[in-house]
Each structure stands twice: as C-alpha cells, then as structure tokens.
Amino acid sequence: MKLYHRPDCPFCWKVRLFLREAGVEVSEISVKLGEKHPDVVALNPNGTVPVLIDGDMVLWESAVIVEYLADKFPETSLMTGTPEQRAKIRQIHSYSDNRLGKILFPYIKQVRDGKADGDLQHTIDKAWQAELDMLTLQLGDQDYFGPDFSVADCALIPRFTLALVYGLTLGKTYGKLKNWFERCKRRSSFATVLPASFPGIDEMIKLEIL
Ligand SMILES: N[C@@H](CCC(=O)N[C@@H](CS)C(=O)NCC(=O)O)C(=O)O
C-alpha cells in the first residue's frame, strides 16, 4: 500500500494513526504544505491528501480510507463494538472532521500565517470551550471515545494536538479530556506519527506542549 499524505494534515494524520495502530506497513509519499503533487492531482479529483493506493484501488477522502482499512483489517479493535457503539464512533469521527476541524482551521491558519490577533483569540477560546464541554459529555467516564481506542480517537488526536500546539489550552476545567489526551500520548502510535514540525510554530513551543 502507498499513502500520499502531508505530515501536519489532520486527515492524513488520522489515517497514519489508524495504520500504526493496526500494524499495517505502507510506503509514504510526503507532500508539503501548498504543494500540488502531480500524482495527487492525477489520482484524486479533489486534489487533496490523503490518497491511499492498494493494488489497483485508489482511494481518497480520509473517512472512506479509514472505513476501508477497518473492513480490510477486522482484527483491529478500531471499529468494533455493538451497532450502537460503532455508530457513536462514526459520529465522533464525522464531528471531528466536519465540525471541530472547521472551527479550528481558520484559527490555525492565521497563527500559521502570523496574522492572529486578540479578537480572534477571544472568539476561538469561546468556541473551543463549547466543543470541549460537548466532548466531555461524550467521553463520560470512558478511557476512550469508543468501547476501546478507536477511529474516533484517531480522528480527535490530531485536532487536539494541533489546537494545543497552536496555542489553545485544556485549562483546569477539562480534566477528563486532559487524561484522555495523556492516555493517547502514551500509546506508541502517538509519537511515531507526530509531524516533525508545524508550520509557523517555534520548535520550543511545540516541545513544551508535547
Ligand atoms: N475531506 C477530505 C479533506 C482533505 C483535505 O482537505 N486535505 C488538505 C490538507 S489538510 C489538502 O490536501 N489540501 C490541499 C488542497 O486543497 O489543495 C478528507 O477527509 O480526505
């Protein structure tokens, strides 16, 4: 299998997490921020990463890729459980890609471009806290967002890492989420797929957070 990806892209990072957790080897072709890789443009009508190639099959859209991998490697525990538990995993996955990501992206882009200001910081702090309240309820007293470590966690880890690296915090109020994130960080998959650098971020800031 071959994966076209960008190290700091949360969609690609989610797929890499899944692959590490499932113990699946892939050959990785890394694309830089802003780069239009000719293979990606040729393979994916959307021109986005990740793109997975498995034999004759070309897959784009990270959620489709992850569902395919979960079907292909059913022995992993990343998409298991009752129909209700699996639906919850999919729901958090979709929420992470479609809501949390859209809330965080404009902020991350502005920090990345050196354009963040006080107004933006105030707006994002409030929005981030509302999402943390919701996620605290979703997590409840579980260790992970599914019956075990799952696709839902794979989707949320990059979002949380990016939020923290780019200046948001978990404060004192979000102990359950903090513990969840620490638990995820202790898994060997976390460090092995962590991007080596984050555009616009000083290495020292990153190290303090992670
Ligand atoms: N819905 C897509 C989103 C993928 C996506 O937006 N990837 C971004 C990087 S985070 C990308 O490739 N952007 C390059 C471009 O749009 O040209 C997925 O889940 O795979």
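Please read these numbers as outputs of a predicted model, since none were measured by experiment.

We now examine the site of the ligand. Around the ligand, the neighbouring residues are Arg6, Cys9, Phe11, Gly47, Thr48, Val49, Pro50, Glu61, Ser62, Ala63 and Asp97. Of the residues assigned to the shell around the ligand, the class counts are 5 nonpolar, 3 polar and 3 charged.

Bridge count for strand E1 (residues 2-5) against strand E3 (residues 51-54) is 3 bridges, and the pairing is antiparallel. Of the residues in E3, the one forming a bridge with Tyr4 is Val51. Bridge count for E3 against strand E4 (residues 57-60) is 4 bridges, and the pairing is antiparallel. Each bridged residue has a counterpart across the sheet, and for Asp54 the counterpart in E4 is Met57.

For the rest of this paragraph, the subject is the domain arrangement of the chain. Looking at the assigned domains, one finds that the chain contains domain 1 (2-72) and domain 2 (83-209). Using C-alpha coordinates to define each centre, domain 1 is positioned 20 Å away from domain 2. Taken residue by residue, the interface counts 15 residues in domain 1 and 18 residues in domain 2. Put simply, the parts of the chain that give the side of domain 1 that touches domain 2 at least two residues each are helix H1 (10-22) and helix H3 (62-72). In terms of residue count, the dominant contributor to the side of domain 1 that touches domain 2 is H1 (9 residues). Of the residues that constitute the side of domain 1 that touches domain 2, the class distribution is 10 nonpolar, no polar and 5 charged.

Following both chains from N to C, one finds helix H5 (residues 118-139) and helix H7 (residues 175-186) inclined at 70 degrees, their axes separated by 9 Å at the closest point. Judged by the angle between their axes, H5 and H7 are roughly perpendicular. Between H5 and H7, the contacting residues are Leu132, Leu135, Thr136 and Leu139 on the first element and Lys176, Leu177 and Trp180 on the second. Counted by class, the contact of H5 with H7 contains 5 nonpolar, 1 polar and 1 charged residues.

Let us now look at the sheet that holds E3. Pairing is mixed in the open sheet, where 4 strands are placed in the order E2-E1-E3-E4. Since the sheet does not close on itself, it has two edges, and those belong to strand E2 (27-30) and E4, each with one partner. If you compare each strand with its neighbour and ignore which way they point, the axes differ by 15 degrees on average.

Taking 1.5 Å as the rise per residue, H1 with 13 residues should run 18 Å; its terminal C-alpha atoms sit 18 Å apart, in good agreement. Listed in full, the buried residues belonging to H1 are Pro10, Phe11, Cys12, Trp13, Lys14, Val15, Arg16, Leu17, Phe18, Leu19 and Glu21. For H1, the elements touching its buried residues are E1, H3, helix H4 (83-112), helix H6 (151-165) and helix H8 (188-193).

Taken as a whole, H3 has its buried residues at Ser62, Ile65, Val66 and Leu69. For H3, the angular spread of buried residues about the axis comes to 95 degrees, placing them on one side. Exposed and facing more than 90 degrees away from the buried side of H3 are Val64 and Asp71. Contacts from the buried residues of H3 go to H1, E3, E4 and H6.

This part takes up unusual backbone geometry. Pro50 follows Val49 through a cis peptide bond whose omega is 10 degrees. Structurally, Pro50 can be placed in the loop between helix H2 (38-43) and E3. One non-glycine residue, Glu61, lies in the positive phi region at around 75 degrees. Tracing the sequence through the fold places Glu61 in the loop between E4 and H3. On the basis of neighbour count, Glu61 is assigned to the partly exposed category, with 17 C-beta atoms found within 10 Å.

Scoring rules and cut-offs
Residues numbered from 1 in each chain as written. Predicted model: local features only at pLDDT ≥ 70, side-chain atom pairs only at ≥ 80, totals over all residues. Near = placed C-beta within 6 Å. Nonpolar A, V, L, I, M, F, W, Y, C, P; charged D, E, K, R; others polar. Pairing = 2+ DSSP bridges. Helix = DSSP H or I, 4+ residues; strand = E, 2+ residues; numbered from the N terminus. Domains from an automatic or database assignment. Contact = placed C-beta atoms within 7 Å. Axes fitted to C-alpha atoms, helices over the stretch in contact; angles between N-to-C directions. Parallel < 35°, antiparallel > 145°, perpendicular 65-115°, else oblique. Expected span 1.5 Å × (residues − 1). Buried ≥ 20, exposed ≤ 12 C-beta atoms within 10 Å, placed from the backbone. Arc of directions from axis to C-beta.

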